[in-house]
Amino acid sequence: QKTKEGFLSKIGRAIAGKSTVDTEVLDNLEEALVGADVGVTTTVQIINKIEARVAKDKYLGTSELNNILKEEISSLLVDAPDSGFRDFDTPAGIKPYVIMVVGVNGVGKTTTIGKLAYNYKKAGKSVLLGAADTFRAAAVDQLTVWSERVGVPIVKQQMGSDPGAVAFDAVQSGASKDVDVIIIDTAGRLHNKVYLMDELTKIKRVMKKVLPDAPHEVLLVLDGSTGQNAVEQAKQFTAATEVTSLAITKLDGTAKGGVVLSITNQFKIPVKYIGIGERMEDLQVFDKEAFVDSLFSTNS
Amino acid sequence: MFESLSERLESAFKQLKGEGRISEINVASTIKEIRRALVDADVNYKIAKELTDRIREKAMGEKVITAISPGQLMVKIVKDELSELMGGTEAELELKTNPTVILIAGLQGSGKTTFSGKLANFLKTKKNKKPLLIAADIYRPAAIDQLKVLGEQIGVEVYSEPENKNAVQIAENGIKQAKANGNTVVIIDTAGRLAVDEVMMNEVANVKAAVKPQEILFVVDSMTGQDAVNTAKTFNERLDFTGVVLTKLDGDTRGGAALTIRYTVDKPIKFVSMGEKLDTLDVFYPERMAQRILGMGDITTLVERA
Ligand SMILES: Nc1nc2c(ncn2[C@@H]2O[C@H](COP(=O)(O)OP(=O)(O)OP(=O)(O)O)[C@@H](O)[C@H]2O)c(=O)[nH]1
Ligand SMILES: Nc1nc2c(ncn2[C@@H]2O[C@H](COP(=O)(O)OP(=O)(O)OP(=O)(O)O)[C@@H](O)[C@H]2O)c(=O)[nH]1
Ligand SMILES: [Mg+2]
Ligand SMILES: [Mg+2]
């Protein structure tokens, strides 16, 4: 995990000279959490839990408080039901394993697909990409560059063609070629646009005509610099496609991505990956402990 | 989506009813609610704090005349304060120079390329200009193709050098061509970059130094959270941009980042982008934005009820 100034490192400093958990300490904590995009509701929840666990004005060392905080924050982050993804393994008995990638505009879906393909291939899996974003200017060209860069085949049609038809083709082609992993790119869409969300539901449904269980994974990509709107994104994409996992991108910047705490807590969807750059190597498997630790890290 | 500020305040106001004057005690919980509503709308928490401190000061002096409740007064003070902050400076593009050079910059995926297309279309159809788009993003896969597709859609020429890996040269050569071809406006689309990426920030600063643009527009995603303050500050320090473009406002975000940026760098918001199609560009309305951030679509009803 990349270390940067953890947003909770300030807390350590703020309470270093203090001996009790008083209102000032809790106010500092509130500021640190909301300042990392955790959001007011979840922040108040965390603070209430801390308050319940430590009697106010009680003596508490920095490290003690930090540990309690870490526990509380960790408990908001749900674990993935299966840990195989850490080694880019696919679940036993599922072949091809179909991943559908969704999210609002510009969050990093296509790039994340390139990175996933690279990692799966590196782990010895055969991969096929499906270019079901037929809408955004040069979206197919962009995914094609990624397929060449990584060295994996791509199924595509002309711009403007039916995305469902592309997804169908890709799954069919992958199944007949017996590949291990099929990753379907979709066009970015804002979650408040009903017709676009319906289209996504339809793309998902079409794949089932080839493989009744597909897609096995619906990966929602969230931009790490997004604020509270990400919660609504998670809600609407889940309603349309039953999202099963999350990727948080652009965490190589100064954004903290704290809104993910609210999201995984509220929707019980695990974070699987984080994006930390634009190259194909810049994907990390999400590590809960490391992520929470990084929030407290004083390294900048 | 979020509980609107007016909903939140309504309960706080219930307790204020019947008070004759806004006092330290009856304003405290209201101020906290306002602060939290701002933060939930993605206004930077430090700025939200400064703002609410100011609002508190303004409120403290106020005597409540019998016709207006303290609640009504608070709503008015908050709304006026935000509207004033969001507005101010004249926000027209500076288009006198021939050709006018416009540099587009911002974070990855914020909507720069799409906006470049929209702006070219706007200047062509509404301002009677002859634009040239320059593809100076040498990194993103198919970035040139993307701009070319947009250029074709609106009938605007795109200058690119697919083999050249020097953004400064491409921008300079593009401007030479614009002069030769009699283009009256040049729009330079650049790669997305993080404020902390020194190499990339130097690149765009070098492009600026080389082409001396009349306008430098900072394109920012309206869904951005607390980090908007860092990004805006750094981009402004490096580029001294002339205006801000808020994108993806067709979503349901509150858009508190707009307030954060306005407050942090004091540069006007010149355009809002409201869709993926190339004719979805609008000018900026400060008051509308203030109400959106506050979730105060229903402000008049509230004032009537308060
Ligand atoms: N710094 C950084 N940039 C990233 C990361 N992931 C993606 N990007 C950049 O973000 C921009 C948008 O990425 P895309 O992959 O095109 O995003 P998308 O979600 O497919 O976009 P649409 O298909 O247009 O909705 C590109 O410039 C990427 O290089 C990341 O983890 N870090
Ligand atoms: N809904 C909506 N989508 C937008 C808007 N502006 C841009 N987009 C979409 O956002 C995504 C990213 O837009 P781009 O123009 O490629 O962004 P960029 O800043 O050039 O991205 P990079 O060059 O990779 O940094 C695309 O899917 C666009 O169609 C907008 O105002 N509303
Ligand atoms: Mg894409
Ligand atoms: Mg671009």
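Each remark here, short or long, concerns the structure printed above.
Let us look at the structure shown here. The model shown is predicted, which means the values in this text are computed figures rather than measured ones.

Each helix and strand counted, chain B has twelve helices and eight strands in total. Restricting the contact set of chain B to residue pairs at least 6 apart, pairs at least 24 apart contribute 79%. When the accessible surface of chain B is summed, it comes to about 12600 Å², and 49% of that surface belongs to carbon and sulfur atoms.

What follows is about the overall build of chain A. Of the regular secondary structure elements, chain A holds eleven helices and eight strands. Every one of the 300 residues in chain A was classed for burial, and the buried ones make up 60%. Taking as baseline every contact in chain A between residues at least 6 positions apart, the subset at least 24 positions apart corresponds to 76%. Here chain A has roughly 11400 Å² of accessible surface; of this, 48% comes from carbon and sulfur atoms.

Per the stated rule, a full pass over the model turns up seven aromatic pairs over all chains. Ring geometry for A:Phe85 versus A:Tyr273: centroids 6.0 Å apart, planes at 85 degrees, classification edge-to-face. With A:Phe85 in the loop between helix H4 (62–74) and strand E1 (97–102) and A:Tyr273 in strand E7 (residues 271–275), this residue pair connects regions lying 188 residues apart in the sequence. An identical accessibility class is assigned to A:Phe85 and A:Tyr273; each is buried. Ring centres of B:Phe218 and B:Phe241 lie 4.9 Å apart, and the angle between their planes is 15 degrees; on these two criteria the pair is classed as stacked. Linking B:Phe218 in strand E5 (residues 215–221) with B:Phe241 in the loop between helix H9 (228–239) and strand E6 (243–247), this pair joins segments that are 23 residues apart in sequence.

Residue and element names in this part refer to chain A. The residue after Lys 95, namely Pro 96, is reached through a cis peptide bond having omega -5 degrees. Along the chain, Pro 96 falls in the loop between H4 and E1. At the junction of Ala 214 and Pro 215, the peptide bond is cis and its omega measures out at -10 degrees in the coordinates. Phi is positive for Phe 88, close to 55 degrees, though the residue is something other than glycine.

With that settled, consider the pairing of strand E4 (residues 181–186) of chain A. Every other side chain in a regular strand lies on the same face of the sheet, so the side chains alternate between the two faces. Residue and element names in this part refer to chain A. For E4, a buried count of six out of six residues is recorded, marking the element as mostly surrounded by other parts of the structure. In the sheet, E1 pairs with E4 via five bridges, with the strands oriented parallel. Pairing of Val 101 across the sheet is with Asp 185, part of E4. The sheet contact formed by strand E2 (residues 127–132) and E4 spans six bridges and is parallel. Across the sheet, residue Ala 132 finds its bridge partner in E4, namely Thr 186.

Surveying the vicinity of ligand 1 reveals 22 residues, the closest of which are A:Lys109, A:Thr110, A:Thr111, A:Arg136 and A:Glu278. Residue A:Arg136 places a side-chain N or O atom 2.8 Å away from an oxygen atom belonging to ligand 1. Interatomic distance of 3.4 Å between a side-chain N/O atom of B:Gln108 and a nitrogen atom of ligand 1. Considering every element that reaches the shell around ligand 1, the biggest residue donor is helix H5 (residues 109–122) of chain A, with four residues.

So, about the site of ligand 2. Residue and element names in this part refer to chain B. Taken together, 23 residues form the shell around ligand 2, and within it Lys 112, Thr 113, Thr 114, Arg 140 and Glu 276 come nearest. Between ligand 2 and Gly 109, the relevant distance is 2.9 Å, taken from an oxygen atom to a main-chain nitrogen or oxygen of the residue. Contact with the protein chains removes 96% of the 650 Å² of surface that ligand 2 exposes when unbound. Among the elements that line the shell around ligand 2, the one with the most residues is helix H5 (residues 112–126), at four residues.

On to the nonpolar core, then. Membership of the largest hydrophobic core comes to 91 residues, with the highest contact counts inside it found for A:Ile50, A:Tyr120, A:Ile183, A:Ile184, A:Met207 and A:Tyr273. Per-element accounting of this core gives the leading share, six residues, to E1(A). Look past the residues within four positions of A:Ile183 in its chain and what remains in contact with it is A:Ile99, A:Val101, A:Ile113, A:Leu116, A:Ala117, A:Val127, A:Leu128, A:Leu129 and A:Gly130. B:Leu73, B:Leu107, B:Val186 and B:Leu294 belong to the second-largest nonpolar core, a separate cluster that totals 68 residues.

Attention now goes to the packing of helix H7 (residues 167–181) of chain B against helix H8 (residues 198–211) of chain B. Helices that pack against each other are described as a pair by the angle of their axes relative to one another and the distance between those axes. All names here are of chain B. Running from N to C, H7 and H8 point in directions that differ by 30 degrees, and their axes come no closer than 9 Å. The angle between H7 and H8 falls in the class roughly parallel. Considering the relative orientation of H7 and H8, their crossing is right-handed. Within the contact between the two elements, H7 uses Ala 167, Val 168, Ala 171, Glu 172 and Ile 175 and H8 uses Glu 203, Asn 206, Val 207, Ala 210 and Val 211.

Buried accessible area, meaning the area lost when the parts come together, often serves as the stated size of an interface. Of the residues lining the interface, 32 residues belong to chain B; the matching set on chain A comes to 40 residues. Buried surface at the junction of chain B and chain A, summed over both partners, amounts to about 3300 Å²; 55% is from carbon and sulfur atoms. Counting the surface chain B buries against chain A, the share from its top three residues, B:Tyr45, B:Met223 and B:Glu276, is 19%. Linking chain B with chain A are three salt bridges, by the criterion used here. Here A:Glu30 makes a salt bridge to B:Arg36, at a shortest N to O gap of 3.2 Å.

Residues and elements named next belong to chain B. Reading across from one edge, E3-E2-E4-E1-E5-E6-E7-E8 is the order of the eight strands in this open sheet, with mixed pairing throughout. Each edge of the open sheet carries a strand with a single partner, namely strand E3 (157–159) and strand E8 (281–282). By the bridge criterion, six bridges tie strand E2 (residues 131–136) to strand E4 (residues 185–190) in an arrangement that is parallel. Of the residues in E4, the one forming a bridge with Ile 134 is Ile 188. Against the sheet, H9 makes contact with strand E1 (100–106) and E5, and its axis sits at roughly 165 degrees relative to E5, the strand it touches most.

Residue and element names in this part refer to chain A. Strand order in the open sheet formed by eight strands is E3-E2-E4-E1-E5-E6-E7-E8, with mixed pairing between adjacent strands. Taken across any chain shown, the strands that pair with only one partner, and hence form the sheet edges, are strand E3 (154–155) and strand E8 (283–285). Here helix H7 (residues 163–177) sits on the sheet in contact with E1, E2, E3 and E4, set at roughly 165 degrees to E2. Along the sheet face, helix H8 (residues 194–207) touches E1, E4 and strand E5 (217–223) and points at about 170 degrees away from the line of E1.

Residues and elements named next belong to chain A. By secondary structure assignment, the location of Gly 130 is in strand E2. We classify Gly 130 as buried; its relative accessible area is 0%. Between the alpha carbons of Gly 130 and Thr 241 there is a distance of 17 Å; along the sequence they are 111 residues apart. Apart from residues no more than four positions distant in its own chain, Gly 130 is found in contact with Leu 143, Val 155, Ala 170, Ile 183, Ile 184 and Asp 185.

Calculation notes
Residues numbered from 1 in each chain as written. Chains lettered and ligands numbered in written order. Predicted model: local features only at pLDDT ≥ 70, side-chain atom pairs only at ≥ 80, totals over all residues. Heavy atoms only, no water. Helix = DSSP H or I, 4+ residues; strand = E, 2+ residues; numbered from the N terminus. Contact = heavy atoms within 4.5 Å. Areas by Shrake-Rupley, 256 points an atom, 1.4 Å probe, with all protein chains shown as cover. Buried < 20%, exposed > 50% of the residue type's maximum accessible area, 1.4 Å probe, protein only. Phe/Tyr/Trp six-rings, centres within 6.5 Å; stacked < 30°, edge-to-face > 60°. Pairing = 2+ DSSP bridges. Near = heavy atom within 4 Å. Polar contact = N/O pair within 3.5 Å; in protein donor to acceptor, adjacent residues only side chain to side chain. Core = buried A, V, L, I, M, F, W, Y, C linked by side-chain atoms within 4.5 Å. Axes fitted to C-alpha atoms, helices over the stretch in contact; angles between N-to-C directions. Parallel < 35°, antiparallel > 145°, perpendicular 65-115°, else oblique. Left-handed = near helix turned anticlockwise from the far one by under 90°. Buried area = accessible area lost by both parts, 1.4 Å probe. Salt bridge = Lys/Arg side-chain N within 4 Å of Asp/Glu carboxyl O.

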